[in-house]
Amino acid sequence: MRKTVNILILFLAGVLAILPIIFWGITEIGGVAIMDGERFIIHAVFVFACFAGIITSANHRQLNIEVFNLRLSESLKSTVGSINNGISIAVLTALFFACFPNILTVIDSGDILWGIPVRFLFLALPLMFLAQLVLQIRENKRLLSSLLGLSAGLFVSCGSLASIAYTVFGAESAALTACASMWAAVSAKLLVPFVLAFIVAALFGLPLFIVLLAITYTAFSQGGGYVDVVPLEMYHILTDSSIAAIPLFTVAGCLLAEGSAGKRLMELVRSSVGWLRGGVIISSVLVLTFFTTFTGASGVTILALGPLLSLILTGNDYSEDDAESLITASGSLGILFPPSMAIIIFGVTNIMTVDIFDVFRGAVLPGLLLTISMIIIGVVRDRSKKRIPFSWKELKTAFCASFFELLLPVFIIALYFSGLFSLLQTAAFTVLYTCVLEIIIRRDFSWKGAAGLILKSIPIAGGVLIIIGAAKGLAYYLIDANVPALLTDIVQTYIHSKYVFLFLLNILLIFVGCIMDLYSAILVVSPLVMPIAESFGIHPIHTGVIFLMNMALGFLTPPIGMDLFIASYTFNKPVIKIVKNILPYLGIQCIILLLVTYIPWFTTVLLP
């Protein structure tokens, strides 16, 4: 079964990389419009996301925060594992049945896409939930908690089951309707305790997508039982053309990271600035920033390049602690530069307020400030006497060796910002260019090896896409419940200065960045923040850049910043030691955040 899923996911990855460019050529050069071409591609992304979600679960790579598990005894870990297992099974069971009212009534039976009923494509979502449910039961081997979870899942699914029964048989089930009413009453009275319990479970390792789905499902249950909205919103966000670019950029980033691109770029920067004090530090920060723009996840960059860069830095007499803290602190800088997935998702989430182009423009100067600051503090801490003598010959050799890698960001910026390519087409071009570069030109690996690396990147893309889908339902609920307007009224009642508001906003967002992953924070929190900021007359792009900078800072903020744990794992060091070494970098990033917060010029000067 796993081999079949792997073959299918590789086929879909190929479709996503090739078809956008072919369609562009036929339409722009050949002058022939492709009927439903983009719609077919984004539905291919939807199916890809669902199967990627299965692979992510099978590889135990779903995003989670295991803050307190590290301190528990083995017996307590077993108890917590059983509780999380039961919650996961209950939520996956409930979401599986919540999909079917959409298939039976919401999605038009006459909606055909290239001869394929859209209902058939939508089935990939319940298939994903079913596969994750089977994996959860089979691999955890906790019979009692699995049975309790299944029972709870069936109980809370009574509303969906009643809807299915009525649609299929044309008659209501009194028993199912009574159970559905009971669950609606329970969820209405215990909504807050349920939400708090799910948040606590998240701190003990419950996967974040399960947490988001559990909170959203409970919220919709008490609000009238419209739980079928949850999978429907997942479908809507995962069939957005901008979201479709995410798995492609992730694949390209992983191929680059596994190939020789990092070494080549490192050698180029060393040859150009290695004669300066801190030349190797400059190289490291720039390479880390470059790769995070593609992978979209600072943790991936730290894991992929951390050991290599640490070896290079220490080999140039940089202390081990300073090397590891520099790498950790610089891992998230790339989310402020194109083609950052974080900016893409922020633009999609707030499409009525901001333009993705403008967010890219607004984030450039703050991104440069943060990058330069990491270089400066790294150079200040450099005590080595070793320098690389400058040589035009070596610089020319390094430049020629990395010429094709350097062309990639140039092509991306030129194609996307000129308007010649859409974001999806740019992402597809990036994958094709990377494959040609790494397989044919550099020969870093064969086509078979590339397929293996693409499969290795799937859990990263799958984890991100499923988090995005799970968070979209909660974001929809909060907006539907008029939460942004309520929060705006409360803030305006008690806070009258926009400067005080901005200060409190930074504190809130750093906290959010600690406890939530980047993508769910963007989808859930940013729609709440944007209207409040607008009520104080703050430019939407300014708010957006502040939001993203806080998320990057949250990755590094003790005690539960995600990058701290990833660095601990990568460098085999205690988290407390990572925290201690990173404090100077964290401090300077806070100063730059405040500078950008209170001087809007940094985020608006490049806007049209």
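The structure we're discussing is the one just above.
Description of the structure in this document. (Residues numbered from 1 in each chain as written. Predicted model: local features only at pLDDT ≥ 70, side-chain atom pairs only at ≥ 80, totals over all residues. Heavy atoms only, no water.)

Attention now moves to the overall build of the protein chain. The number of helices and strands found in the protein chain is 30 helices and two strands. Over its C-alpha atoms the protein chain spans a radius of gyration of 24 Å, differing by no more than 12% from the 25 Å that the globule rule assigns to 608 residues. Judged by the C-alpha coordinates and their principal axes, the protein chain covers about 85 × 60 × 50 Å. Within the protein chain, the proportion of its 608 residues that are buried is 57%. The long-range share in the protein chain, meaning contacts at least 24 apart out of those at least 6 apart in sequence, stands at 80%. Of the roughly 24,900 Å² of accessible surface on the protein chain, 70% is carried by carbon and sulfur atoms. Across the protein chain, 32 positive and 31 negative side-chain charges occur, with their mean positions spaced 12 Å apart. (Helix = DSSP H or I, 4+ residues; strand = E, 2+ residues; numbered from the N terminus. Rg over C-alpha atoms; globule rule 2.2 N^0.38 Å. Buried < 20%, exposed > 50% of the residue type's maximum accessible area, 1.4 Å probe, protein only. Contact = heavy atoms within 4.5 Å. Areas by Shrake-Rupley, 256 points an atom, 1.4 Å probe, with all protein chains shown as cover. Lys, Arg positive; Asp, Glu negative; His and termini not counted. Charge placed at Lys NZ, Arg CZ, Asp CG, Glu CD.)

Attention now goes to the pattern of salt bridges. The final tally for this structure, using the stated rule, is seven salt bridges. Residue Lys577 pairs with Asp321 through a salt bridge whose shortest N-O separation is 3.3 Å. Placement of Lys577 in helix α29 (residues 575–598) and of Asp321 in helix α17 (residues 320–330) is noted, with a sequence separation of 256 residues between them. Residue Lys577 is classed as partly exposed on the basis of its relative accessible area, which comes to 32%. (Salt bridge = Lys/Arg side-chain N within 4 Å of Asp/Glu carboxyl O.)

Another aspect to go through is the environment of Val273. Residue placement: Val273 occurs in helix α14 (residues 261–273). Residues within four places of Val273 in sequence aside, it is in contact with Gly279, Ile282 and Ser283.

Counting buried residues along helix α12 (residues 229–238), nine of its ten residues qualify, which places the element largely inside the surrounding structure. For α12, the full list of buried residues reads Val229, Val230, Pro231, Leu232, Glu233, Met234, Tyr235, Ile237 and Leu238.

The next thing to look at is helix α19 (residues 356–380). When the terminal C-alpha atoms of α19 are compared, their 36 Å separation across 25 residues agrees well with the 36 Å that a helix rising 1.5 Å per residue should span. If you look at α19, its biggest bend is around 35°, right at Val364, and the proline Pro366 turns up within four residues after that. (Expected span 1.5 Å × (residues − 1). Bend = angle between axes of the 7 residues up to and from the residue.)

In a packed pair of helices, the relevant descriptors are the angle between the two axes and the axis-to-axis distance. Their axes nearest at 9 Å, the elements α17 and α29 cross at an angle of 55°. With respect to α29, the element α17 is oriented oblique. Between α17 and α29 lies a crossing of right-handed hand. Touching Asp321, Asp322, Ser325, Leu326, Thr328 and Ala329 of α17 are Lys577, Asn581, Ile582, Tyr585 and Gln589, all from α29. (Axes fitted to C-alpha atoms, helices over the stretch in contact; angles between N-to-C directions. Parallel < 35°, antiparallel > 145°, perpendicular 65-115°, else oblique. Left-handed = near helix turned anticlockwise from the far one by under 90°.)

Moving on: the side chain of Ser373. By the secondary structure assignment, Ser373 is in helix α19. Assessed through its relative accessible area of 8%, Ser373 is described here as buried. Not counting chain neighbours up to four residues away, the residues in contact with Ser373 comprise Ile588 and Ile592.

As a further point, take the nonpolar core. Grouped together as the largest cluster of nonpolar side chains are 207 residues, with contacts concentrated most on Phe129 and Phe501. In terms of residue count, helix α2 (residues 37–58) provides more of this core than any other element does, 15 residues in total. The residues touching Phe501, leaving out its near neighbours within four places in the chain, are Val491, Ile495, Ile532, Ala533, Phe536 and Ile538. (Core = buried A, V, L, I, M, F, W, Y, C linked by side-chain atoms within 4.5 Å.)

Once that is clear, we can look at unusual backbone geometry. Located in the positive-phi region is Arg443, a residue other than glycine, with phi close to 55°. Residue placement: Arg443 occurs in the loop between α22 (423–441) and α23 (447–480). Positive phi values are uncommon outside glycine, yet Asn482 reaches one of about 65°. Inspection of the secondary structure puts Asn482 in the loop between α23 and α24 (483–494). Here Asn482 falls in the partly exposed class, since its relative accessible area comes to 43%.

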